[in-house]
Amino acid sequence: MIAHDAGCALMASQGFATFINDYPWVLGIVFILGGPLVALYGKVFARIVATTIMCVFGTLFMIILFTSFGWMENTCGIVLSTIFAIATGLGTGFLCWHYKKVSYAVLGLVGGYFVGSVVYSICLAIGWTSIWGMLVLSILFALAGAAATFQWPNFVVHICTSGIGSYVFMRGWTYIFGGYPSESTIIEDIQNGVDPNLNYAFWIYIAFFGLCWAGSWYFQHKKHAEHVDDTDDNWQRVKNDQ
């Protein structure tokens, strides 16, 4: 029964991946609808945004890690790895939900990663093809974003939520119209010696991302200027309980 259930789960995950690959516009629509919510109201709902991000990315990161170690090549490995990955995602999400500094650090980490990814994509477009360069830039920007939250928490949360939402919104359009490959596709192309072909469409997406980021930052600055995260009722209650 366990083997059958695990096999069904594996087939379901593979079917989902195939579905997304065949119909990328579905994920594109999700990103287009969800991105503006984070970009325009992420500062107000920073706790929910950070918790959701950590649950999803924590789970996916562990699955990728287990896969790279070859621990998901049999039924037992798939079951145990999936359970542990989900538990890790929920556990890190729990930390974000209850500890504001952790949530802020997560937003800074993810926001910094996206900025590093965009910076590398620009470098790639002008001829710098290096996977290590992509990793180093993404990690450095991610760590810088996380570290900045401890010095300028409200400002970094403001700029990161508007940036994350704008990036997701822009990425949604790339899933529908193409012209800007995903990070995983870029890595695969570089490994295979294939030109990612970042042409004029890529620069349009970058300009669009920049405009959305600036516009959503301004909107949050004006709309939520009086919002102070320390007065958030839910977080304040948790803080008082600690």
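Here, the structure is the one placed above.
The structure displayed is predicted, hence computed values, not measured ones.

What counts and what doesn't
Residues numbered from 1 in each chain as written. Predicted model: local features only at pLDDT ≥ 70, side-chain atom pairs only at ≥ 80, totals over all residues. Heavy atoms only, no water. Helix = DSSP H or I, 4+ residues; strand = E, 2+ residues; numbered from the N terminus. Buried < 20%, exposed > 50% of the residue type's maximum accessible area, 1.4 Å probe, protein only. Areas by Shrake-Rupley, 256 points an atom, 1.4 Å probe, with all protein chains shown as cover. Expected span 1.5 Å × (residues − 1). Contact = heavy atoms within 4.5 Å. Disulfide = S-S within 2.5 Å. Phe/Tyr/Trp six-rings, centres within 6.5 Å; stacked < 30°, edge-to-face > 60°. Lys NZ or Arg CZ within 6 Å of the ring centre and 35° of its normal. Core = buried A, V, L, I, M, F, W, Y, C linked by side-chain atoms within 4.5 Å.

Engineer: It is not clear to me how the overall build of the protein should be interpreted in this structure. Could you clarify?
Structural biologist: Within the protein, the secondary structure is distributed over 10 helices and 0 strands. Along its sequence from the N terminus, the protein presents helices and strands in the succession α-α-α-α-α-α-α-α-α-α. Looking at the 242 residues of the protein, the share that counts as buried comes to 38%. Accessible area for the protein stands at about 13800 Å²; split by element, carbon and sulfur atoms hold 71% of it.

Engineer: Explain helix 9 (residues 200-223) here, please?
Structural biologist: The periodicity of an α-helix, 3.6 residues per turn, causes residues three or four positions apart to be oriented the same way. If you check helix 9, its first and last C-alpha atoms are 34 Å apart, about what 24 residues at 1.5 Å a residue would give, namely 34 Å. What helix 9 keeps buried is the set Ala201, Phe202, Tyr205, Ile206, Phe209, Cys212, Ser216 and Gln220. Along its buried surface, helix 9 packs onto helix 2 (24-41), helix 5 (100-125) and helix 7 (153-177).

Engineer: What exactly am I supposed to notice about the state of the cysteines here?
Structural biologist: Between two cysteines, a covalent bond joining their sulfur atoms is known as a disulfide. Under the definition given, this model contains 0 disulfides. Left without a disulfide partner, cysteine 55 is nearest to the cysteine sulfur of cysteine 96, which lies 7.6 Å away. A relative accessible area of 22% means that cysteine 55 is categorised as partly exposed.

Engineer: What am I meant to see in the packing of aromatic side chains here?
Structural biologist: Here the structure, examined in full by the defined rule, presents 12 aromatic pairs. Between phenylalanine 209 and tryptophan 213 the ring centres are 5.4 Å apart and the planes differ by 35°, which places this aromatic pair in the tilted class. Here phenylalanine 209 and its partner tryptophan 213 are both found in helix 9, 4 residues apart, which amounts to about one turn of the helix. Grouping aromatic residues by their ring pairs yields a cluster made of Tyr113, Phe114, Tyr167, Phe209 and Trp213. The cationic tip of arginine 47 hangs over the ring face of tryptophan 97; the distance from NZ or CZ to the ring centre is 3.7 Å. In this structure, arginine 171 packs its charged tip against the face of tyrosine 180, placed 3.8 Å from the ring centre.

Engineer: Teacher, can you tell me more about helix 6 (residues 131-151) here?
Structural biologist: Along its 21 residues, helix 6 runs 31 Å from first to last C-alpha, staying within 8% of the 30 Å computed at 1.5 Å per residue. Along helix 6, the residues that are buried comprise Gly133, Met134, Leu137, Ser138, Ala142, Gly145, Ala146, Ala148 and Thr149.

Engineer: Explain the nonpolar core here, please?
Structural biologist: Soluble globular proteins tend to pack their nonpolar side chains together in the buried interior. By size, the foremost hydrophobic cluster in this structure holds 28 residues, and its most contacted members are Ile53, Leu107, Tyr120, Ile164, Tyr167 and Tyr180. For this core, the secondary structure elements donating two or more residues are helix 3 (46-68), helix 5, helix 6, helix 7, helix 8 (183-191) and helix 9. In terms of residue count, the dominant contributor to this core is helix 5 (8 residues). Beyond its immediate chain neighbours, meaning those up to four positions away, isoleucine 164 contacts Val38, Ile53, Leu107, Val110, Gly111 and Phe114.

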